[in-house]
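# Inside the fold
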Amino acid sequence: MEATVSPRATGRGLIRRKADYIPPSRYTLRAAASDGDALTRLSFLILGAGNLARRQIVKGVFFLAVEVAYIAYMVVQGVGSLVTLGTLGYRTQTKHKVDGYWYYDAGDNSVLLLTAGVATVFITVLFAVFWSYAVRSAYKAQVLQRETGAAPTLLDDWHNLTDRNAQVSMMFLPVVGILVFTVLPTLIMVCIAFTSYDSDHVVLFDWVGVKNFGQLFSSTGAVTAQQFVRVLGWTLVWAIFATFLNFFFGLFLAMIINRKTTRFKGMWRSIFSLSMAVPQFVSLLAINQMLQPEGAINSMLESWGWITDPLPFFTDPTWARVTVIVVNLWIGIPFTIMQITGILQNIPADQYEAARIDGANWWQTFTRITMPYLVFVLTPYLITTFTGNVNNFNVIYLLSGGNPTAVGDTAGSTDLLITWLYKLTVDRGDYNLGGVIGIFTFVVLAIVSLITYRSSGSYKNEGGFR
């Protein structure tokens, strides 16, 4: 029952890999600097010069316009933003009286100065990438004109972007969106972690280096080493239980529904789908009210005589943690059932038939065919789910609010790193400490995700399941 790969299949794989090999481009900056003519080298300074000289008018004008726009931005605002990025401002609010009326000068706002400075650095990096592309484009036009007699026309470039390099044009807008709405805010958050931006320094703050990171190893303050270790440990425990319990329970139910002897398959799947149709925040808030000491669950159990005191769903740390895990099962299992059902229906039937002919029992069939196939296909999904559970703000904040919280602590027993970050920033105004927590959250997720994915069959054998 073990999967094998024949030499012939291996040979096909080698041929396919050779066919997929793409040689490095010969249009590089080094080649442009060493082999480029005067017009190409002029493009190092004036973007589009080489393109305009070789009748690539639209492309050359576009390159030149972007360069002019960048220079204008740097002259008007960019240089000043880079200067103030180093100081984050120093002018406090002032007022002066004119003709009996007070006029106020707001002074510097470190948040705005930090954002403008980081944005300027970000724009400069993007322009450097664009500059490299423009110079290589000029060199490419030179080479092709020498080899073919004419540089590519605008129509040739359009056909190239919609055919051979269609992936570049299709991915352009998504990549820009990720850079602007994900990477740039992340860079600002990282910078805030190295400042004194807290509730005592709301308008003006300074760079403090790695001082805030030392707070994670201290024994006093809003963030202590004990709290950090406790929240980090619970975050990982929660993510593991929330991911794999949902997976295995969802797998169990999906396999039961998928059995040939199970009747009314459509009805069972529809029932689980209905729970997905209800907005999650509505369900969580309703369950939160039901599990309160005076809520419906405790009231019903007391009326039946099963308990004399309300069950401590959100007042005892252990009860609270078990409660959020169980409620998350009710929310997450339907999604897992839908995912696994589609995969189970796509496992080749001839593999099961061959297993039955070989005399394999149900357990051998499950461990040698079903489970390896599911793990192979769902590894990226499981990594995404694990990441989502580490950052599962809704379930924790709307259900338990992170409670119970000991007196004097800033993090409750069910707080995750993400909910703790929210409380430190929105509730307390300690944005610098929130930035530190955000960095550590990113580091933990990046390490776990990369190690897991690179060790999976989905990464090592992208060609398919054997």
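Right above here is the structure, for reference.
Residues numbered from 1 in each chain as written. Predicted model: local features only at pLDDT ≥ 70, side-chain atom pairs only at ≥ 80, totals over all residues. Heavy atoms only, no water.

## Quick look at the overall build of the protein
Selection criterion: Where helices and strands are cited, they refer to DSSP runs of H or I of at least four residues and of E of at least two residues respectively, numbered from the N terminus. The globule rule used here is 2.2 Å times the number of residues to the 0.38 power, and the radius of gyration it is set against is calculated over C-alpha atoms. Only protein chains enter the calculation, and the probe is 1.4 Å; a residue is then buried if its accessible area is under 20% of its type maximum, exposed if over 50%, and partly exposed in between. For accessible areas, the Shrake-Rupley method is used with a probe of radius 1.4 Å. Any residue's cover is judged against the shown protein chains and nothing else. Charge convention: Lys and Arg are scored as positive, Asp and Glu as negative, and His as well as the terminal groups of each chain are ignored. Here the site of a charge means NZ on Lys, CZ on Arg, CG on Asp, or CD on Glu.
Along the protein, the regular secondary structure elements total 20 helices and two strands. What you see for the protein is a C-alpha radius of gyration of 30 Å, clearly larger than the 23 Å of a compact globule of 466 residues, by over 25%. If one aligns the C-alpha atoms of the protein with their principal axes, the spans along those axes are about 90 × 85 × 40 Å. Within the span of the protein, comprising 466 residues, buried residues form 36% of the whole. Per element, the accessible surface of the protein, about 27600 Å² overall, is 66% carbon and sulfur. On the protein, the mean spot of the 33 positive side-chain charges and the mean spot of the 27 negative ones are 13 Å from each other.

## Considerations on the packing of aromatic side chains
By convention here, two paired aromatic rings are described through the distance between centres and the angle between planes. Note the cut-off: Centres within 6.5 Å make a pair out of two Phe, Tyr or Trp rings, where for Trp the six-membered ring is used; the pair is then stacked when the planes are under 30 degrees apart, edge-to-face when over 60, and tilted otherwise.
Per the counting criterion, the structure on display carries 21 aromatic pairs. A centroid spacing of 6.1 Å and a plane angle of 50° characterise the contact between Phe62 and Phe63, whose relative ring orientation is tilted. Judged by its relative accessible area of 2%, Phe63 is buried. With a centroid separation of 5.3 Å and 70° between ring planes, the pair formed by Phe228 and Phe440 is classed as edge-to-face. Within this pair, whereas Phe228 is found in helix 10 (residues 225-258), its partner Phe440 is found in helix 19 (residues 431-454), the two being separated by 212 residues in sequence. According to the relative accessible area criterion, Phe228 is buried, its value standing at 10%. The partly exposed category is assigned to Phe440, whose relative accessible area is 25%. Taken together, the ring pairs connect Phe62, Phe63, Phe130 and Tyr133 into an aromatic cluster.

## Details of the layout of surface pockets
As a reminder, the rule being used: As defined here, a cavity is a set of points on a 1 Å grid over the protein atoms alone where a 1.4 Å probe fits but cannot get out. A pocket is an open set with protein on both sides within 12 Å along at least five of seven lines, and residues line them when an atom is within 4 Å of a point. Grid points are joined across faces, edges and corners, and a volume is the space filled by probe spheres set on the points.
The volume enclosed by the largest pocket comes to roughly 1800 Å³. Lining the largest pocket are 39 residues; nearest its centre among them are Tyr133, Asn160, Leu161, Asn165 and Val168. Looking at the lining of the largest pocket element by element, the count peaks at ten residues for helix 6 (residues 110-148). Each pocket or cavity is described by its volume, and for the second largest pocket that value is around 920 Å³.

## Concerning helix 19
Worth spelling out the cut-off: To estimate the expected span of a helix, subtract one from its residue number and multiply by 1.5 Å. Only heavy atoms matter for contacts: two residues are in contact if any of them lie within 4.5 Å across the pair.
Over its 24 residues, helix 19 runs 34 Å from end to end, which matches the ideal 34 Å to within 8%, given 1.5 Å per residue. Among the residues making up helix 19, those that are buried are Asn432, Leu433, Gly434, Gly435, Val436, Ile437, Gly438, Ile439, Thr441, Leu445 and Ser449. Along its buried surface, helix 19 packs onto helix 8 (166-192), helix 9 (211-214), helix 10, helix 16 (362-390) and helix 18 (417-427).

## Remarks on helix 6
Our working definition: In protein, a polar contact means a hydrogen-donor-capable atom and an acceptor-capable atom, both N or O and within 3.5 Å, with residues adjacent in sequence counting only if both atoms are side-chain atoms; elsewhere, any N or O pair within 3.5 Å suffices.
Taking 1.5 Å of rise per residue, the 39 residues of helix 6 would be expected to cover 57 Å, and the 56 Å separating its terminal C-alpha atoms lies within 8% of that figure. Structurally, the start of helix 6 carries an N-cap: the backbone nitrogen of Val111 is 3.0 Å from a side-chain oxygen of Asn109. Taken from the residues just after helix 6, Gly149 is the one with a positive phi, measuring 95°.

## Quick notes on the pattern of salt bridges
In plain terms, the rule: Any carboxyl oxygen of Asp or Glu that lies within 4 Å of a side-chain nitrogen of Lys or Arg is treated as forming a salt bridge with it.
Tallying each qualifying case throughout the model produces eight salt bridges. Asp409 is the salt-bridge partner of Arg230, the closest N and O atoms lying 3.8 Å from each other. One end of the pair, Arg230, is in helix 10; the other, Asp409, is in the loop between helix 17 (393-399) and helix 18, with 179 residues separating them in the sequence. What makes Arg230 partly exposed here is its relative accessible area of 27%. For Asp415, the salt bridge is made with Lys423, and the minimal N-O distance between the two is 2.7 Å. For the pair formed by Asp415 and Lys423, the shared burial category is buried.

## Digging into the environment of Gln226
Looking at the secondary structure, you find Gln226 in helix 10. On the basis of relative accessibility, which here comes to 66%, the residue Gln226 falls in the exposed class.

## Quick look at the packing of helix 11 (residues 265-277) against helix 14 (residues 317-344)
Put simply, the rule reads: Here an angle of 0 to 180 degrees is reported between the N-to-C directions of two axes, which are lines fitted to C-alpha atoms, with helices fitted over the stretch in contact. Angular relationships are summarised with four words: roughly parallel below 35 degrees, roughly antiparallel beyond 145, roughly perpendicular across 65 to 115, and oblique for the angles in between. Should the near helix be turned anticlockwise from the far one by less than a right angle, the crossing is termed left-handed; should it be turned clockwise, right-handed. Amino acids outside the nonpolar list (Ala, Val, Leu, Ile, Met, Phe, Trp, Tyr, Cys, Pro) and the charged list (Asp, Glu, Lys, Arg) are all regarded as polar, and Gly is one of them.
Look at helix 11 against helix 14: their axes get within 8 Å of each other, and the N-to-C directions meet at 130°. Of the possible angle classes, the one that applies to helix 11 and helix 14 is oblique. As helix 11 packs across helix 14, the resulting crossing turns out to be left-handed. Within the contact between the two elements, helix 11 uses Arg269, Phe272, Ser273, Ser275 and Met276 and helix 14 uses Pro334, Phe335, Ile337, Met338 and Thr341. Here the residues of the contact of helix 11 with helix 14 sort into six nonpolar, three polar and one charged.

## Quick notes on the environment of Val208
If you trace the backbone, Val208 turns up in the loop between helix 8 and helix 9. Between the C-alpha atoms of Val208 and Tyr197, which are eleven residues apart in sequence, the distance is 9.7 Å. Setting aside chain neighbours within four positions, we find Val208 in contact with Phe194, Thr195 and Ser196.

## Topic: the side chain of Gln142
With respect to the element layout, Gln142 can be found in helix 6. Taking relative accessible area as the criterion, Gln142 reaches 7% and is therefore assigned buried. For Gln142, the side chain forms a polar contact with the side chain of Thr40, separated by 2.6 Å. What Gln142 contacts, discounting residues up to four positions off in sequence, is Asp35, Gly36, Asp37, Thr40 and Arg54.

Geometric descriptors of this kind do not, in isolation, establish any biological role.
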